[in-house]
Amino acid sequence: MNILVTAGPTREAIDPVRFIANRSSGKMGYFTAAAAAARGHKVRLVSGPVCLPAPDGVTMTQVVSADDMLRAVRTHLSWCDVLIMAAAVADWRPADVASAKIKKTGRSMMLELVPTPDILRDIAPYKQQRLFVGFAAETSTVVAYAAAKLAAKNLDYIVANDVSQPDAGFEVDTNRAVLLGADGSREEWQLMSKRDMAERLLDVIETATPQTGGRGNC
Ligand code: C5P
């Protein structure tokens with residue numbers, strides 16, 4: 001299969017030296033891309049800024065912002081059979097990016113934030129026979145929020161993480177999650193390495209039948 005994976009955070013510039021980002025290390029997406037390539041799939045990885053080496057056998061596209069990631073996903077979408085959106089895309093960006101470093105004044109300042117594009121919602125009309133997998137990082141009401149996103153974002157599966165736990169979610173090498181399927185399926189994944197979770201996810205993907213989505217071409 002042709003598998004497109006996104007990973008890592010995005011960075012939203014405030015000025016030439018400052019940005020808004022999040023705690024995503026990119027590990028879950030990188031392990032997934034590496035495991036898929038090791039199984040013989042063709043893999044393209046769209047990555048935000050992380051400190052990880054490119055996995056063997058994977059074609060990389062490096063991006064910075066949510067806008068960049070959207071462009072990259074749209075570019076590669078028609079190539080893929082499966083999209084795994086493991087990236088922690090920033091939800092907001094500064095309304096204006098200062099062209100020069102904003103000087104410190106010692107006073108408080110207001111920063112106006114505007115929403116970034118929601119990549120999965122943007123590409124939902126072009127899903128066709130592709131399998132779409134999302135991730136939901138939550139700190140409360142994890143499964144209910146994930147179930148709502150599964151439907152709202154037209155996904156086949158969503159991996160729901162409770163990132164308030166020290167041994168799961170951001171930065172660490174282990175994870176625990178609930179996998180929800182649009183077909184009503186539900187799997188509880190107890191604490192395991194992100195490498196093992198990537199393999200579990202690929203086991204599901206390799207036997208899944210995608211729900212037919214929008215019919216347009218990107
Ligand atoms: O809405 P939320 O950010 O929790 O949804 C998580 C899922 O949506 C992830 O798969 C993430 O990659 C994707 N996402 C996206 N575009 C955004 C934010 C999140 O595609 N702007």
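In this report, the structure presented in the accompanying data block is examined. (Residues numbered from 1 in each chain as written. Predicted model: local features only at pLDDT ≥ 70, side-chain atom pairs only at ≥ 80, totals over all residues. Heavy atoms only, no water.)

Details of the environment of Ile119
Along the chain, the position of Ile119 falls in helix H3 (residues 119-123). Under the relative-accessibility criterion, Ile119 is labelled buried at 2%. Each C-alpha atom of the pair Ile119 and Leu70 lies 5.5 Å from the other, and the pair is 49 residues apart in sequence. Aside from chain neighbours lying at most four places away, what touches Ile119 is Ala66, Met69, Leu70, Val73, Met85 and Val89. (Helix = DSSP H or I, 4+ residues; strand = E, 2+ residues; numbered from the N terminus. Buried < 20%, exposed > 50% of the residue type's maximum accessible area, 1.4 Å probe, protein only. Contact = heavy atoms within 4.5 Å.)

Focus: the site of the ligand
Near the ligand lie 13 residues; those nearest to it are Met85, Ala87, Pro117, Phe135 and Lys149. With respect to the ligand, the backbone of Ala87 contributes an N or O atom lying 2.7 Å from an oxygen atom. Pro117 is positioned such that a nitrogen or oxygen atom in its backbone is 2.9 Å from a nitrogen atom of the ligand. Burial of the ligand by the surrounding chains reaches 88%, relative to a free accessible area of 440 Å². Counting only elements with at least two residues in the shell around the ligand, the list comes to H3 and strand E9 (131-138). Per-class residue counts for the shell around the ligand are 7 nonpolar, 2 polar and 4 charged. (Near = heavy atom within 4 Å. Polar contact = N/O pair within 3.5 Å; in protein donor to acceptor, adjacent residues only side chain to side chain. Areas by Shrake-Rupley, 256 points an atom, 1.4 Å probe, with all protein chains shown as cover. Nonpolar A, V, L, I, M, F, W, Y, C, P; charged D, E, K, R; others polar.)

Some words on the sheet that holds strand E10 (residues 157-162)
With mixed pairing, the 8 strands of this open sheet are ordered in space as E5-E4-E1-E6-E9-E10-E11-E12. In the strand order of this sheet, the two ends are held by strand E5 (58-62) and strand E12 (186-193), each with one partner. Here the strands of the sheet are splayed against their neighbours by 20 degrees on average, with no regard to which way each runs. Pairing analysis gives 6 bridges linking strand E1 (residues 2-7) to strand E4 (residues 42-47), with the strands arranged parallel. Across the sheet, residue Asn2 finds its bridge partner in E4, namely Lys42. Sheet strands in contact with helix H5 (residues 194-207) are E1, strand E6 (82-85), E9, E10, strand E11 (174-181) and E12, and its direction is about 150 degrees off that of E12. (Pairing = 2+ DSSP bridges. Axes fitted to C-alpha atoms, helices over the stretch in contact; angles between N-to-C directions.)

By themselves, these observations are geometric and do not establish any function.
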